[in-house]
Amino acid sequence: MMLNLNKGSNLPSEKTYDLIIIGGGPAGLTAGIYAGRSRLKTLLIEELVVGGQASTTERLENYPGFPDGIGGYELGLKMEEQAKKFGVEVLFGKVEKTELEGKFKNIYVEEKIYKSKSVIIASGATPRRLNVKGSEKFHGKGISYCATCDGALFTDKKIIVVGGGNSAVEEGLFMLRYTKDIIFVQDLPFLTAEKILQERLFENKDLKIYYNSEIISINGEDKIESMSVKDKKTNKNFDIQTDGIFVYIGLVPKTDFLDKNLSINEYGYIKVDNNMKTNLEGVFAAGDVIEKNFRQVITAASDGSIAAKSVEKYLENFKEV
Amino acid sequence: MSLLSEDDKKYLKELFKGMKKDVNILFFITEDKKLCMMCDDVKEILGDLKTLSDKIKVKELSFENDKDEVKKYDVRMAPSVVLLSDKDLGVKYYGIPGGYEFSSLVEDINDIGNDFISLDESVMDDVKSIDKDVHIQVFVTHTCPYCPSAVRTAHKFAMVNDKIKSDMIDANTFYEYADTYGVSAVPRVVINNKDFFEGSLPEREFLKRVLNSLK
């Protein structure tokens with residue numbers, strides 16, 4: 001039996017902070033470590049679980065310094081411990097609204113207001129939901145976005161993994177411990193996951209992958225019974241029987257609670273310059289929530305450190321009035 | 001090798017140091033070997049916890065034989081863990097509190113022992129004012145990092161109001177029971193057997209769901 005012990009959190013004080021970090025994933029926590037070491041009075045606000053999306057990754061094998069890999073949740077807890085060691089306060093709560101335009105920023109958390117001279121937005125992203133005919137009624141009822149959480153509930157059942165990137169293949173490999181009956185449905189003619197992950201997947205000869213496949217609908221009355229798929233090459237439709245569907249088709253940035261004047265791109269990602277600066281003074285952003293090409297734990301951590309250094313510079317010239 | 005590392009024990013000993021009130025842990029085991037596969041592990045952990053604070057008392061009971069206690073605490077399945085202060089708080093774990101749920105157990109013990117429940121004041125007032133019976137079931141798996149937040153919120157609500165009972169239920173151990181509630185994603189929170197939601201919610205949002213269910 002495994003025991004995961006979360007070693008507590010401290011409570012924030014109600015003063016003006018030098019820096020408030022929104023989000024406790026790798027970007028926010030790394031920003032916290034750097035800010036704490038720069039002796040900035042820092043509050044980090046996380047909605048649910050530290051570690052961000054990586055907290056549900058069973059094993060991270062590409063984060064440097066851990067040749068045998070490290071659990072995503074464990075890495076998050078270690079980063080949190082490291083940030084707290086340098087004086088960062090951690091608050092668990094949902095940021096409902098922000099006022100980022102003034103000299104002092106207001107962050108609204110469940111009926112309380114926290115004030116700060118600067119802000120780093122590291123709110124991350126959530127999995128993109130499958131949106132096809134019939135999918136809406138099966139969210140949480142057979143369609144899942146977290147194999148680590150829900151995988152055990154599909155022991156010896158038929159499942160479909162949608163997607164072909166790192167997340168899809170990693171989670172598909174994870175699901176093999178519960179069931180051998182796994183089918184991949186990928187819209188491209190190839191997988192986009194790291195080659196080493198593809199190799200591991202291909203070792204499982206029984207596993208079926210449908211390429212060039214567009215999902216048409218999810219079918220069933222009370223439970224999922226099948227998925228209708230179109231082969232884009234032949235234009236023919238066919239059905240796959242299944243009990244559950246695990247979906248990994250990209251991300252949606254979490255920016256809906258932010259000021260409307262913050263500059264975002266057409267997909268909702270925050271625009272930043274090389275120093276993680278947004279269009280609003282004293283407001284920086286880092287990690288999966290910003291416009292960029294690659295979203296990895298290490299690139300998030302890197303963004304976080306740059307954002308914290310930029311905040312430090314910004315505060316050197318900050319005048320109270 | 002011990003399940004709890006020396007580091008963990010040190011941390012817990014420090015955490016539990018200031019506890020003022022007794023925390024009574026009842027562990028109901030069952031003769032069903034398959035369900036009780038990890039009961040020995042739980043015995044070991046509870047044994048360890050007992051040595052870390054003299055405020056922690058552990059009692060092992062049989063689901064099949066100790067009928068009086070089963071009835072008194074309304075224990076419906078086993079293995080299960082019931083947490084009491086000097087009274088029944090309506091706080092239960094069906095299935096073992098392992099994996100991520102171990103943290104829920106530790107935090108529950110800490111709340112009871114310190115007689116302090118860390119709920120936002122306005123949430124606390126609203127929870128206390130509930131005057132109808134509420135039964136909250138939180139279905140989890142041991143590998144779900146989002147689940148302890150839902151379990152803890154439900155348990156904290158139960159601790160501050162006698163009308164509220166809340167159970168963690170390991171959907172893996174009690175697979176068939178979970179299936180009757182259509183659990184295929186966790187955490188799944190079921191309120192009074194009729195309303196439900198998936199996922200963890202902030203305490204105020206969670207409370208709103210409970211209040212809506214009473215309307």
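Up top is the structure these notes are about.
Residues numbered from 1 in each chain as written. Chains lettered and ligands numbered in written order. Predicted model: local features only at pLDDT ≥ 70, side-chain atom pairs only at ≥ 80, totals over all residues. Heavy atoms only, no water.

Chemist: If you had to explain the overall build of chain A to someone new, which residues and values would you point to?
Modeler: Per the secondary structure count, chain A includes six helices and 17 strands. The dimensions of chain A, computed from C-alpha atoms along their principal axes, are 65 × 45 × 35 Å. Expressed as a percentage of its 321 residues, the buried residues of chain A come to 55%. Taking all contacts inside chain A whose residues are at least 6 apart in sequence as the whole, residues at least 24 apart take part in 60%. When the accessible surface of chain A is summed, it comes to about 15,300 Å², and 48% of that surface belongs to carbon and sulfur atoms. Computed over 43 positive and 45 negative side-chain charges, the inter-centroid distance for chain A is 2 Å. (Helix = DSSP H or I, 4+ residues; strand = E, 2+ residues; numbered from the N terminus. Buried < 20%, exposed > 50% of the residue type's maximum accessible area, 1.4 Å probe, protein only. Contact = heavy atoms within 4.5 Å. Areas by Shrake-Rupley, 256 points an atom, 1.4 Å probe, with all protein chains shown as cover. Lys, Arg positive; Asp, Glu negative; His and termini not counted. Charge placed at Lys NZ, Arg CZ, Asp CG, Glu CD.)

Chemist: Can you break down the pairing of strand S8 (residues 195-198) of chain B residue by residue, with the values?
Modeler: All names here are of chain B. In terms of strand pairing, strand S7 (residues 188-191) meets S8 through four bridges, oriented antiparallel. Each residue of the ladder has a partner; that of Arg-188, found in S8, is Glu-198. The turn linking S7 back onto S8 is made up of three residues, and Asn-192 within it adopts a positive phi angle of 45 degrees. (Pairing = 2+ DSSP bridges.)

Chemist: Describe the packing of aromatic side chains, with residues and values.
Modeler: All names here are of chain A. For the structure shown, the criterion picks out 13 aromatic pairs over all chains. Ring geometry for Phe-154 versus Phe-246: centroids 5.3 Å apart, planes at 75 degrees, classification edge-to-face. Within this pair, whereas Phe-154 is found in the loop between helix H3 (147-150) and strand S9 (159-162), its partner Phe-246 is found in strand S15 (residues 244-247), the two being separated by 92 residues in sequence. Here the two residues Phe-154 and Phe-246 agree in accessibility, since each one is buried. Linked through ring pairs, Phe-104, Phe-284, Tyr-314 and Phe-318 together constitute an aromatic cluster. For Arg-37, the ring lying beneath its charged end belongs to Phe-86, and the centroid distance is 4.8 Å. Just above the ring of Tyr-210 sits the side chain of Lys-208; from NZ or CZ to the centre is 4.8 Å. (Phe/Tyr/Trp six-rings, centres within 6.5 Å; stacked < 30°, edge-to-face > 60°. Lys NZ or Arg CZ within 6 Å of the ring centre and 35° of its normal.)

Chemist: Describe in detail the packing of helix H4 (residues 166-175) of chain A against helix H5 (residues 195-202) of chain A, supporting the description with residues and values.
Modeler: Residue and element names in this part refer to chain A. Between H4 and H5, the least distance of the axes is 10 Å, while the angle of their chain directions is 35 degrees. The interaxial crossing formed by H4 with H5 has left-handed handedness. Listed contacts from H5 to Asn-166, Val-169, Glu-170 and Leu-173 of H4 are Leu-197, Gln-198, Arg-200 and Leu-201. Residues belonging to the contact of H4 with H5 are distributed by class as follows: four nonpolar, two polar and two charged. (Axes fitted to C-alpha atoms, helices over the stretch in contact; angles between N-to-C directions. Left-handed = near helix turned anticlockwise from the far one by under 90°. Nonpolar A, V, L, I, M, F, W, Y, C, P; charged D, E, K, R; others polar.)

Chemist: Tell me about the sheet that holds S15 of chain A, and please be specific about residues and values.
Modeler: Strand pairing in a sheet is mediated by backbone hydrogen bonds. Such pairs are either parallel or antiparallel. Residues and elements named next belong to chain A. The parallel open sheet is built from five strands, whose spatial order is S8-S15-S9-S10-S11. Either end of the sheet is taken by a strand with one partner, and the two such strands are strand S8 (143-144) and strand S11 (208-210). Bridge count between S8 and S15: two bridges; the pairing is parallel. Looking at the pairing, Ile-143 lines up with Ile-245 of S15. Running over the sheet, H4 touches S9, strand S10 (182-185) and S15 and is turned about 170 degrees from S10.

Chemist: A description of the state of the cysteines should follow, citing residues and the corresponding values.
Modeler: Throughout this description, disulfide means a covalent bond between two cysteine sulfur atoms. Within this structure, the stated rule accounts for three disulfides over all chains. In this model, Cys-146 of chain A is linked to Cys-149 of chain A through a disulfide, with the two sulfur atoms separated by 2.3 Å. Sign of the S-S torsion, about 70 degrees for the bond between Cys-146 of chain A and Cys-149 of chain A, identifies this disulfide as right-handed. By relative accessible area, Cys-146 of chain A is classed as buried at 10%. Residue Cys-149 of chain A is classed as buried on the basis of its relative accessible area of 1%. Disulfide pairing places Cys-36 of chain B opposite Cys-39 of chain B at an S-S distance of 2.0 Å. Taking the torsion about the S-S bond as the criterion, the Cys-36 of chain B to Cys-39 of chain B disulfide, at about -80 degrees, is left-handed. For Cys-39 of chain B, a relative accessible area of 3% puts it in the buried group. Counting only the cysteines that take part in disulfides, in the order they occur along chain B, gives the pairing 1-2, 3-4. (Disulfide = S-S within 2.5 Å.)

Chemist: Explain helix H5 (residues 121-128) of chain B to me, using residue names and the numbers behind them.
Modeler: Residue and element names in this part refer to chain B. Taken together, the buried positions of H5 are Val-123, Met-124 and Val-127. Buried residues in H5, looked at end-on, bunch into an arc of 100 degrees, giving them a common side. Where the residues of H5 are buried, they touch helix H6 (147-160), strand S6 (164-170) and helix H8 (203-214). (Arc of directions from axis to C-beta.)

Chemist: Describe the interface of chain B and chain A, with residues and values.
Modeler: Taken together, the contacts link 39 residues of chain B with 30 residues of chain A. For the pair chain B and chain A, the summed buried area comes to about 3,000 Å², and 59% of that belongs to carbon and sulfur atoms. Ranking the residues of chain B by area buried against chain A places Tyr-11, Tyr-146 and Ser-184 of chain B at the top, with a combined share of 19%. Taken together, the connections running from chain B to chain A amount to two salt bridges. On inspection of chain B and its partner chain A, the count reaches eight residue pairs in polar contact (both at pLDDT 80 or more). Taken together, the elements giving at least two residues each to the side of chain B that touches chain A come down to helix H1 (6-16), helix H2 (39-52), helix H4 (101-114), helix H7 (175-180) and S8 of chain B. Classifying every residue of the side of chain B that touches chain A by side-chain character gives 20 nonpolar, 10 polar and nine charged. (Buried area = accessible area lost by both parts, 1.4 Å probe. Salt bridge = Lys/Arg side-chain N within 4 Å of Asp/Glu carboxyl O. Polar contact = N/O pair within 3.5 Å; in protein donor to acceptor, adjacent residues only side chain to side chain.)

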